[in-house]
Amino acid sequence: MKKGFLVLCAVVCLAAAGPAFGQLTADEQAEYEKWEDFLRTAKVVDSRQLPKSEGVTQPYELTLEKAYEQVNDKGEKETVTVRRKALWKNAFGERVGGYKETWKGEIAAYRLSRHLGLHMVPPTVEREFQGDRGSAQIWVDHWITMADVREKKLNPPGPKINAFFKALFLHRAFDNLLYNIDRHLRNYLILEDWRLVLIDHSRSFGTSKKAGGDLIYDEKYKEGSQFIMTELPRPFVEALKSLTPEVIRTVVGEYLTDQEVACTISRRDLIIAWLDKRIKELGEAKVLY
């Protein structure tokens, strides 16, 4: 990243603790089930397959529409039509270069994001389209992406700095857990208030020897030690510690295999061990908040 962005990232951990770490608001979280139902049942009124320049797996941009009955301020019944876009993906299997693609990972990532209190991944469900199973994720109308932040050398306004970078540290812990090897700059979506939303998790949940025994974001990361799990909230770490194969299976359902669950637990153990070592070196107050 650009020099100014690096400097800011390096010093942000000196700032005071920020607000609650969930990126989607309480009101947005309260609508999860509504949007899950919408994604499953709304009618497809338009579709467009994205070119490879917009997505290597060439997912579909769906326009969904559903009519709801409600009571207006006058006590009268009226019909309201809701129209939203969704991203539908059915990529599955091995790709050139040995990459694993699985639309099921999109759903598992959403469910784990909810369970761990991150609330960073938009509502995502299974939906059939054109006779095939796939994942449907609600389209997020965002402000910019991390690519824009880098290109335009943007920094959050003063009051947002701490919360934004703490969100980045959380994303690194999340991607370490999922072993998401495909976090490029355009799948960090940034809202106008600098909240962070994460999309594209189809290359997550690897099961190779490296995937079960390595962390993406630690001191070995190619962009340096500023890009690690610098500080994490205690409730998130406790939620990580409470993960067991049985808990993960309950959370994600059929969308991860037993091997994928086992490798996720292995990475969980690596994260906890890394945090314990860092706490021993720096003190808990500099690692957890």
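Up top you'll find the structure we're talking about.
Chemist: Looking at this structure, how should I read helix H8 (residues 234-241)?
Modeler: Helical periodicity: at 3.6 residues per turn, an α-helix aligns residues three or four positions apart in one direction. Of all the positions in H8, only Phe-236, Val-237, Ala-239 and Leu-240 are classed as buried. Along H8, the residues classed as buried sweep out an arc of 160° about the axis, all on the same side. Against the buried residues of H8 lie helix H6 (158-178) and helix H10 (258-282).

Chemist: What am I meant to see in the nonpolar core here?
Modeler: For soluble globular proteins, the rule of thumb is that nonpolar side chains tend to be buried together. The biggest cluster of nonpolar side chains holds 64 residues, and the ones touching the most others in it are Leu-116, Phe-174, Leu-232 and Phe-236. Listing elements by their share of this core, those giving two or more residues are helix H4 (104-115), helix H5 (146-152), H6, strand S9 (188-190), strand S10 (196-198), H8, helix H9 (245-252) and H10. For this core, the leading source of residues is H6, giving 10 residues. Those residues in contact with Leu-232 that sit more than four places away from it in its chain are Phe-169, Leu-170, Ala-173, Val-237, Leu-275, Val-287, Leu-288 and Tyr-289. By size, the runner-up hydrophobic cluster in this structure holds 13 residues, among which are Leu-39, Ala-42, Leu-64 and Ile-138.

Chemist: Explain the packing of H6 against H10 to me, please; I cannot follow it from the model alone.
Modeler: Helix packing for two helices is described by the angle between their axes and how far apart those axes are. Interhelical geometry of H6 versus H10 gives an angle of 140° and a closest axis separation of 7 Å. The orientation of H6 relative to H10 falls into the category oblique. Seen from H6, the contacting residues are Ala-173, Asn-176, Leu-177 and Leu-178; seen from H10, they are Thr-264, Arg-267, Arg-268 and Ile-271. A per-class count over the contact of H6 with H10 returns 4 nonpolar, 2 polar and 2 charged.

Chemist: Would you mind showing me how to read the sheet that holds strand S3 (residues 77-89) here?
Modeler: Two modes of strand pairing occur in sheets, parallel and antiparallel, and in both the strands are linked by backbone hydrogen bonds. Strand order in the open sheet made by the 5 strands is S1-S2-S3-S7-S6, with antiparallel pairing throughout. The sheet is open, and its two borders are formed by strand S1 (43-49) and strand S6 (124-129), each paired with just one other strand. In this sheet, adjacent strand axes meet at a mean angle of 35° when their direction is disregarded. Relative to strand S7 (residues 132-138), S3 is paired through 4 bridges, and the arrangement is antiparallel. Directly across from Trp-88, in S7, lies its bridge partner Ala-136.

Chemist: Explain the pattern of salt bridges here, please?
Modeler: Where side chains of opposite charge bring their charged atoms close, a pairing between them can arise. Inspection of every chain in the model, using the stated rule, returns 26 salt bridges. The shortest N-O distance in the salt bridge between Lys-220 and Asp-218 comes to 2.7 Å. Residue class for Lys-220 comes out exposed when judged on its relative accessible area of 62%. Owing to a relative accessible area of 7%, Asp-218 belongs among the buried residues under this scheme. Put simply, Glu-284 and Arg-234 hold a salt bridge, and the shortest N to O gap is 3.0 Å. On the criterion of sequence distance, the pair formed by Glu-284 in the segment after H10 and Arg-234 in helix H8 is long-range, its members being 50 residues apart.

Conventions adopted
- Residues numbered from 1 in each chain as written.
- Predicted model: local features only at pLDDT ≥ 70, side-chain atom pairs only at ≥ 80, totals over all residues.
- Heavy atoms only, no water.
- Buried < 20%, exposed > 50% of the residue type's maximum accessible area, 1.4 Å probe, protein only.
- Helix = DSSP H or I, 4+ residues; strand = E, 2+ residues; numbered from the N terminus.
- Arc of directions from axis to C-beta.
- Contact = heavy atoms within 4.5 Å.
- Core = buried A, V, L, I, M, F, W, Y, C linked by side-chain atoms within 4.5 Å.
- Axes fitted to C-alpha atoms, helices over the stretch in contact; angles between N-to-C directions.
- Parallel < 35°, antiparallel > 145°, perpendicular 65-115°, else oblique.
- Nonpolar A, V, L, I, M, F, W, Y, C, P; charged D, E, K, R; others polar.
- Pairing = 2+ DSSP bridges.
- Salt bridge = Lys/Arg side-chain N within 4 Å of Asp/Glu carboxyl O.

As far as function goes, none of this settles anything; it's purely spatial.
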